[in-house]
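Spelled out from the first residue to the last, the chains are:
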Amino acid sequence: MSHHLVLRVVANLLLPFILVFALYVQWHGDYGPGGGFQAGVVFAAGLILYALVYGVDALKKIVPPRAAIILMSAGVLIYAGTGLLSLLLGHDFLDYTGLAADPAHGQERGILIVELGVGITVAGAMIAIFTAFAGRTPDIEDKDW
Amino acid sequence: MIGSLVIDLFLFTLLALTALAIARLRNLFAVTILASIFSLLAAGLFVTLDAVDVAFTEAAVGGGISTVLMLGALALTTREEKRARQTPWLALLLCAITGAGLIYGTLDMPAFGSPDAPIHGHVAPDYIARALPETGVPNIVTAVLASYRGYDTLGETTVIFSAAVAVLLLLGFKRRNGGEE
């Protein structure tokens, strides 16, 4: 849909804000509303908007399908890995107390890491699903809708 | 108080109208866009309930991503809904009975926002008292999700991961010209 001038200009204006907002929701989840899941979907929605305007192939240049698969697996591994790490440090699975000298600080660090894992998995999964769908859909002329 | 009542009534009226339009329309393209509007209205309602995190999840997933996926599915299939052979009276009756039962069930519920509601007397005060000193995270929702109930969230993340794997196994990353990527 890149020939729609208004759409393209509006998307260009919105995109940086959507992506920065997603990062804000990710890293500010300890204080404000939101967290990994919300950040992941907002980030993916931003990239999907980019793909809608510039085409799926443009999105594939930024996030190749293989990278999306790696991302969505990496997120789960980060989450479960944090659990295993806390096991190795002598605490229960997913008890982040041992991740820092101060127990509360360890919890805070653990929460930040697992939220990052959630965000990466969600964003990767959404992008992978969208790419798989869009790759099957033939390009449609505006008048055909 | 009156202001929020007006906003609630406005959003609920639009929500009901959108739902009726979705049920009546046969053009699936219009239905998909209306479903997206429905999600956006629901997101507005979540904001009035002070659940902003739920609101922007609903707006991003319901209003954005799932709409795009539905449009993609429409492009692969057909854009007109088939006309039903007969009017499904039995289904309507069943829906009406279930709906009436659900509304009857709400009569016994505590008033909206009531501090005496059972949910506020169980573990919630414990979380509120312990979350900040134990985790150092001021957002109690985040502390509960990622730390106290970390197992649940790990399970949810795995569900999302497996859902994506299932979709990819079914659809694959096929190119338009048939070549595999």
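Residues numbered from 1 in each chain as written. Chains lettered and ligands numbered in written order. Predicted model: local features only at pLDDT ≥ 70, side-chain atom pairs only at ≥ 80, totals over all residues.

Caption draft 1: Highlighting the overall build of chain A. Secondary structure summary: chain A contains five helices and zero strands in total. Ordering the α and β elements of chain A from the N terminus gives α-α-α-α-α. Its C-alpha atoms give chain A a radius of gyration of 19 Å, more than 25% over the compact-globule value 15 Å for 145 residues. Residues counted as buried form 45% of the 145 residues belonging to chain A. (Helix = DSSP H or I, 4+ residues; strand = E, 2+ residues; numbered from the N terminus. Rg over C-alpha atoms; globule rule 2.2 N^0.38 Å. Buried ≥ 20, exposed ≤ 12 C-beta atoms within 10 Å, placed from the backbone.)

Caption draft 2: Inspection of the interface of chain A and chain B at higher detail. Each partner contributes residues to the interface: chain A has 52 residues there, and chain B has 44 residues. Secondary structure elements with two or more residues in the side of chain A that touches chain B: helix H2 (36-54), helix H4 (65-88) and helix H5 (103-136) of chain A. At 23 residues, H5 of chain A tops the list of elements feeding residues into the side of chain A that touches chain B. Of the residues contributing to the side of chain A that touches chain B, the split by class is 32 nonpolar, 16 polar and four charged. (Contact = placed C-beta atoms within 7 Å. Nonpolar A, V, L, I, M, F, W, Y, C, P; charged D, E, K, R; others polar.)

Caption draft 3: The arrangement of the packing of helix H2 (residues 28-48) of chain B against helix H3 (residues 52-76) of chain B in detail. All names here are of chain B. Across the interface, H2 lies against H3 with an axial gap of 7 Å and an inter-helix angle of 175 degrees. The angle between H2 and H3 falls in the class roughly antiparallel. Residue-level contacts link Leu-28, Phe-29, Thr-32, Ala-35, Ser-36, Ser-39, Leu-40, Ala-42, Ala-43, Phe-46 and Val-47 of H2 to Val-52, Val-54, Ala-55, Phe-56, Glu-58, Ala-59, Gly-62, Gly-63, Thr-67, Met-70, Leu-71 and Leu-74 of H3. Of the residues that constitute the contact of H2 with H3, the class distribution is 16 nonpolar, six polar and one charged. (Axes fitted to C-alpha atoms, helices over the stretch in contact; angles between N-to-C directions. Parallel < 35°, antiparallel > 145°, perpendicular 65-115°, else oblique.)

Caption draft 4: A look at unusual backbone geometry. The phi angle at Leu-94 of chain A is positive, at roughly 65 degrees, despite the residue not being glycine. A positive phi is found at Asp-50 of chain B, a non-glycine position, where the angle reads about 65 degrees. Position of Asp-50 of chain B among the secondary structure elements: in the loop between H2 and H3. Since 10 C-beta atoms lie within 10 Å of it, Asp-50 of chain B is described here as exposed.

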